[in-house]
Amino acid sequence: GAVVSQHPSRVICKSGTSVKIECRSLDFQATTMFWYRQFPKKSLMLMATSNEGSKATYEQGVEKDKFLINHASLTLSTLTVTSAHPEDSSFYICSARQADQPQHFGDGTRLSIL
Amino acid sequence: GENVEQHPSTLSVQEGDSAVIKCTYSDSASNYFPWYKQELGKGPQLIIDIRSNVGEKKDQRIAVTLNKTAKHFSLHITETQPEDSAVYFCAAQAGGFKTIFGAGTRLFVKA
């Protein structure tokens, strides 16, 4: 089945640093990738949608300068949390979709900012 | 925009019993309805999906039903096992637009 790989699985870093999370579709070309944030015992909150080669579309309330998204190829998207602070600590999950096929998720990245 | 409501938020069943999770959606243009299972510390995994031209779909112990008129769709798990314990999310999607997720159902299967 379709596989989406997300790295790293866990990051612990100091306040003020920037953190990059990678999302790769291993066996299909992802025309669209999505980035979600999930709070404990809550549903998935869509942060942004990115199509290969174009700028990401951010959801209302998500700071695009804070959460930089790059979708440079059909198999790779990155999310960079810039100048991270403790309130950015969360579980971040990416997903990828090819055309109108089902969306497949990575295993998430648990980000902890000290 | 689309809104997906999911019930119940928590469901506890005895091993071997059936579990049913129900969702409703608001956008009549929605035509694709996936269900995801999320285990602790993992990303959601697609377990079954249904498109609007079908009323029911089954895959072993899992089945999904769709009532387009009432805008309801449900997940049915039969002969539940402890490893079915997880959080289940329903979702609805219209065309190539973004997928809207329900709030999730935490399923506990007691051995």
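From a predicted model like this one, the values you see are computed outputs, not experimental measurements. (Residues numbered from 1 in each chain as written. Chains lettered and ligands numbered in written order. Predicted model: local features only at pLDDT ≥ 70, side-chain atom pairs only at ≥ 80, totals over all residues. Heavy atoms only, no water.)

A. Just the overall build of chain A, in detail. Helix and strand content of chain A: zero helices and eleven strands. Going residue by residue from the N terminus, the α and β elements of chain A occur as β-β-β-β-β-β-β-β-β-β-β. Taking 114 residues into account, the globule formula puts the C-alpha radius of gyration at 13 Å, and chain A, at 13 Å, falls close to it. Counting only C-alpha atoms, chain A reaches 40 × 25 × 20 Å along its principal axes. Taking all 114 residues of chain A together, 51% fall into the buried category. Intrachain contacts of chain A at a sequence separation of at least 6 include 53% that bridge at least 24 residues. Computed over 12 positive and 10 negative side-chain charges, the inter-centroid distance for chain A is 7 Å. (Helix = DSSP H or I, 4+ residues; strand = E, 2+ residues; numbered from the N terminus. Rg over C-alpha atoms; globule rule 2.2 N^0.38 Å. Buried < 20%, exposed > 50% of the residue type's maximum accessible area, 1.4 Å probe, protein only. Contact = heavy atoms within 4.5 Å. Lys, Arg positive; Asp, Glu negative; His and termini not counted. Charge placed at Lys NZ, Arg CZ, Asp CG, Glu CD.)

B. Spotlight on the pattern of salt bridges. Evaluation of the coordinates by the stated rule reveals seven salt bridges over all chains. Put simply, A:Asp107 and B:Lys42 hold a salt bridge, and the shortest N to O gap is 3.9 Å. Separated into two different chains, A:Asp107 in the loop between strand E10 (104–105) and strand E11 (109–113) and B:Lys42 in the loop between strand E4 (32–38) and strand E5 (45–51) make up a pair that spans both. Judged by relative accessible area, A:Asp107 falls into the partly exposed class, the value being 34%. For B:Lys37, the salt bridge goes to B:Glu39, with nearest N and O atoms at 3.6 Å. (Salt bridge = Lys/Arg side-chain N within 4 Å of Asp/Glu carboxyl O.)

C. Region of the structure containing the environment of A:Ile93. Here A:Ile93 shows up in strand E9 (residues 90–97). Note: C-alpha distance between A:Ile93 and A:Arg110 (17 residues apart in sequence) is 8.8 Å.

D. View of the sheet that holds strand E8 (residues 76–81) of chain A. Residue and element names in this part refer to chain A. One open sheet accounts for four strands, arranged E1-E3-E8-E7; its pairing is antiparallel. Taken across any chain shown, the strands that pair with only one partner, and hence form the sheet edges, are strand E1 (4–7) and strand E7 (67–73). Across this sheet, the average inter-strand angle for adjacent strands is 15°, counted without regard to direction. One ladder, built from five bridges, connects E7 with E8; its direction is antiparallel. Bridging across to E8, Leu68 finds its partner in Thr80. (Pairing = 2+ DSSP bridges. Axes fitted to C-alpha atoms, helices over the stretch in contact; angles between N-to-C directions.)

E. Broad picture of the nonpolar core. Counting residues in hydrophobic clusters, the biggest one holds 24 residues, and the most contacted among them are A:Trp35, A:Phe67, A:Leu79, A:Tyr92 and A:Leu111. Elements with a minimum of two residues in this core: strand E2 (10–13), strand E3 (19–25), strand E4 (32–38), strand E5 (44–51), E7, E8, E9 and E11 of chain A. (Core = buried A, V, L, I, M, F, W, Y, C linked by side-chain atoms within 4.5 Å.)

F. Summary view of the layout of surface pockets. When its volume is computed, the largest pocket comes out at roughly 640 Å³. Taken together, 29 residues make up the lining of the largest pocket; nearest its centre are A:Pro40, A:Lys41, A:Lys42, B:Val87 and B:Arg106. Where the lining of the largest pocket is concerned, the elements lending two or more residues are E9 of chain A together with strand E1 (4–7), strand E9 (86–92) and strand E11 (105–110) of chain B. For the lining of the largest pocket, the element with the most residues is E11(B), which contributes four residues. (1 Å grid on protein atoms, 1.4 Å probe; cavity = no way out; pocket = protein on both sides within 12 Å on 5 of 7 lines; lining within 4 Å. Points joined across faces, edges and corners; volume = space filled by probe spheres on them.)

G. Molecular detail of the state of the cysteines. Residue and element names in this part refer to chain A. Overall, the coordinates contain two disulfides over all chains when judged by the stated rule. One disulfide in the model links Cys23 with Cys94; its S-S distance is 2.0 Å. Linking Cys23 and Cys94, the disulfide has an S-S dihedral of approximately 80° and is accordingly described as right-handed. With Cys23 in strand E3 and Cys94 in strand E9, this pair connects stretches of sequence that are 71 residues apart. Residue classification places Cys23 among the buried residues on the basis of a relative accessible area of 0%. Its relative accessible area of 0% is what places Cys94 among the buried residues. As a non-bridged cysteine, Cys13 has Cys94 as the owner of its nearest cysteine sulfur, 18 Å distant. (Disulfide = S-S within 2.5 Å.)

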